[in-house]
Amino acid sequence: MSARGGIDLGGTKVQAVVIDAQHQVLGQARVPTPTEGGPQDVADALAGAMHEAADTARVELGSLTGIGVGSPGGVDAGAGTVRGAGNLPGWEGTFALGPALQDALGVPAHLGNDVQVATDAEAALGAGRPFHSLLGVFWGTGVGGGIVLDDRPWIGRGAGGELGHVVVKEDGRVCPCGRKGCVEAYAGRGAMEARARKLVEEGHHTDLFKVMEERGRTRLTSGIWERALEHGDDMATELIDRAVAAIGTGVASAINLLDVEAVIIGGGLGIRLGQPYADRILEQMRPHLFRDDRPPAVRVAQLGDLGGAIGASLLVPGAAPTPAAA
Ligand SMILES: [Zn+2]
C-alpha cells in the first residue's frame, strides 16, 4: 500500500492526514499551532501531528511515500524553505522546514503555498473536478485566493492569487495588510471582528459578542457569525452583506481578467455559510461581469476542513490524479 502524508500549517491549528493511493483519508490528527518559541517548535508540532495521524491510520510513518506541507509565508519549494510567515511565532526570517521535517520523520518532505494547495485539492478531488480553470476563494480570518489555469496552478512569481488584496474601493477601509480598500478589509473575519468591536464602542448594539461569551470563545468564529445571522442580528447582517459585496466585486474583476470556468468558495466562513452565500456572491458579481451572459459556476468547496492537508499531500510526486478529460 502506498500511503502519503499531508499537513496544513495554519495560524491556529496544524492539521495532518494520511491518505491512500485512492485519495481516501486513512487517519488524521489536529494540534494547536505553537504561539511561542520559533520555527523549530512549529516543525516539532508538525512532526508530532504527523506521528499521531499515522498512528490513527495504523500506518508505519517510515512507509509513507512522502509528506506534503501547505505553509503560509514565502515558500521556496526547491530549497524547502519558508520565509516571513508572520502569523507563526518567531518566523520573520527563513527556515528550512522541509529538511527539518525530513530529519524528524525520515520521509521526503515537499512544501507548497497553503492556499494554492487547498485550491489544487478542490481542483483535483473536490468541487473543481469538472473544470480545467478556476479561482479558489478562501473566506476565513483573511481572504485567500488560488488560481488554476488549464489544469495547472498559477502562482506568478510566487505571490499570484492574492484575491484578498484586490482593491474594491479606492482609498477605502484599512486592510490588515496595511493598504486600503482591499477585499479583505471588508470581508476578512479578522477585519469584520475589528469593525464590530469599533461599532460597539461607538454605542451600536449586537449579540455577536454575547454569543461569543456563551460559547466560551475569545474570537468571533464562523459559527458565531452564522448564529447571529440566523437570529437576524442587524450588525452581523450588515457586516456580512458588505463582505459578500466586496468578495463579489473582487471576484468579478478577477473573472474579467482571467475568464475561468468556476469559482470555488472555501475557508471557514465560506464552508459554514454554504451554497446560499455562494449564490449571493454570484449575484453580487453580476453587475460587474463584462460577459454577464455567461457567468462562471460558483460552488462551495467540497473537501471541508481537511482540504488544505489533502491538497498538501498532492505535493508528493506521483500523488496527483490526472486531470479529467475535456
Ligand atoms: Zn490588503
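Worth saying up front: this structure is predicted, and the values here are computed from it rather than measured. Per chain, residue numbering runs from 1 following the sequence as it is written. Per-residue local features are limited, in this predicted model, to residues with pLDDT of at least 70; the limit for side-chain atom pairs, both in listing and counting, is 80 or more; totals at the level of whole chains, interfaces and linings are taken over all residues. Side-chain numbers here rest on the full set of heavy atoms in the structure, without hydrogens or water.

Trainee: Would you take a moment to explain the domain arrangement of the chain for this structure?
Mentor: How large an interface is tends to be reported as the accessible area lost when its parts come together. For each domain, the first and last residues come from an automatic or database assignment. Here the chain is partitioned into domain 1 (4-118 + 306-313) and domain 2 (131-302). Placing a centre on the C-alpha atoms of domain 1 and another on those of domain 2 gives a separation of 26 Å.

Trainee: Mind showing me how you'd approach the sheet that holds strand S7 (residues 94-95) here?
Mentor: Across a sheet, strands are paired by hydrogen bonds formed along the backbone, either parallel or antiparallel in direction. The strand order S5-S6-S7 describes an open sheet built from three strands, whose pairing is antiparallel. With one partner strand each, in any of the chains shown, strand S5 (74-76) and S7 form the two edges of the open sheet. Where strand S6 (residues 81-83) and S7 come together, two bridges link them in antiparallel fashion. Among the inter-strand pairings, Val82 is bridged to a residue of S7, identified as Phe95. In this scheme, strands are said to pair when DSSP sees at least two bridges between them. Elements are defined by DSSP. Helices are runs of H or I of four residues or more, strands are runs of E of two residues or more, and each kind is numbered from the N terminus.

Trainee: What should I look at first to understand the packing of aromatic side chains in this one?
Mentor: Given two aromatic rings, their pairing is described by the distance between the two centres and the angle made by the two planes. Centres within 6.5 Å are what make two rings of Phe, Tyr or Trp a pair, Trp counting through its six-membered ring; a difference in plane orientation under 30 degrees is then read as stacked, over 60 as edge-to-face, and the rest as tilted. Counting across every chain of the model gives one aromatic pair. Ring centres of Trp91 and Phe95 lie 5.5 Å apart, and the angle between their planes is 80°; on these two criteria the pair is classed as edge-to-face. Each residue's exposure class comes from its accessible area (1.4 Å probe, protein chains only) as a fraction of the maximum for that residue type: buried when under 20%, exposed when over 50%, partly exposed otherwise. Note on Trp91: relative accessible area 1%, which makes it buried. Note on criteria: charge over ring means Lys NZ or Arg CZ within 6 Å of the ring centre, with the direction from the centre no more than 35 degrees off the ring normal. Over the ring of Tyr186 we find Arg242, and its NZ or CZ is 4.2 Å from the ring centre.

Trainee: How should the coordination of the zinc ion be read in this particular structure?
Mentor: Perfect tetrahedral coordination of a metal by four donors corresponds to 109.5 degrees between them, and perfect octahedral coordination by six donors corresponds to 90 or 180 degrees. With water omitted from the atoms examined, metal sites may look incomplete; donors here are N, O and S atoms no farther than 2.8 Å from the metal, or 3.2 Å in the case of Na, K and Ca. Taken together, the protein ligands of the zinc ion are His165 (ND1), Cys175 (SG), Cys177 (SG) and Cys182 (SG), with distances of 2.0 to 2.4 Å. Any site counts as irregular unless it has four donors with all angles between 85 and 135 degrees, making it tetrahedral, or four or six donors with opposite ones more than 155 degrees apart and the rest between 65 and 115, making it square planar or octahedral. Given four donor atoms and angles of 104 to 115° at the metal, the environment of the zinc ion is assigned as tetrahedral. Considered as a linear motif, the donors of the zinc ion on their single chain read H-x9-C-x1-C-x4-C. Since its relative accessible area comes to 1%, Cys182 is described here as buried.

Trainee: When you look at unusual backbone geometry in this model, what are you seeing that I'm missing?
Mentor: Leave glycine aside and you will find that most residues have negative phi; peptide bonds, for their part, are mostly trans. Non-glycine residue Asp151 carries a positive phi angle of around 70°. Within the secondary structure, Asp151 sits in the loop between strand S10 (143-149) and strand S11 (152-154). Positive phi, close to 60°, is recorded for Asp171, a residue that is not glycine. Looking at the element boundaries, Asp171 is found in the loop between S11 and helix H4 (183-187). The exposure class of Asp171 is exposed, given its relative accessible area of 62%.

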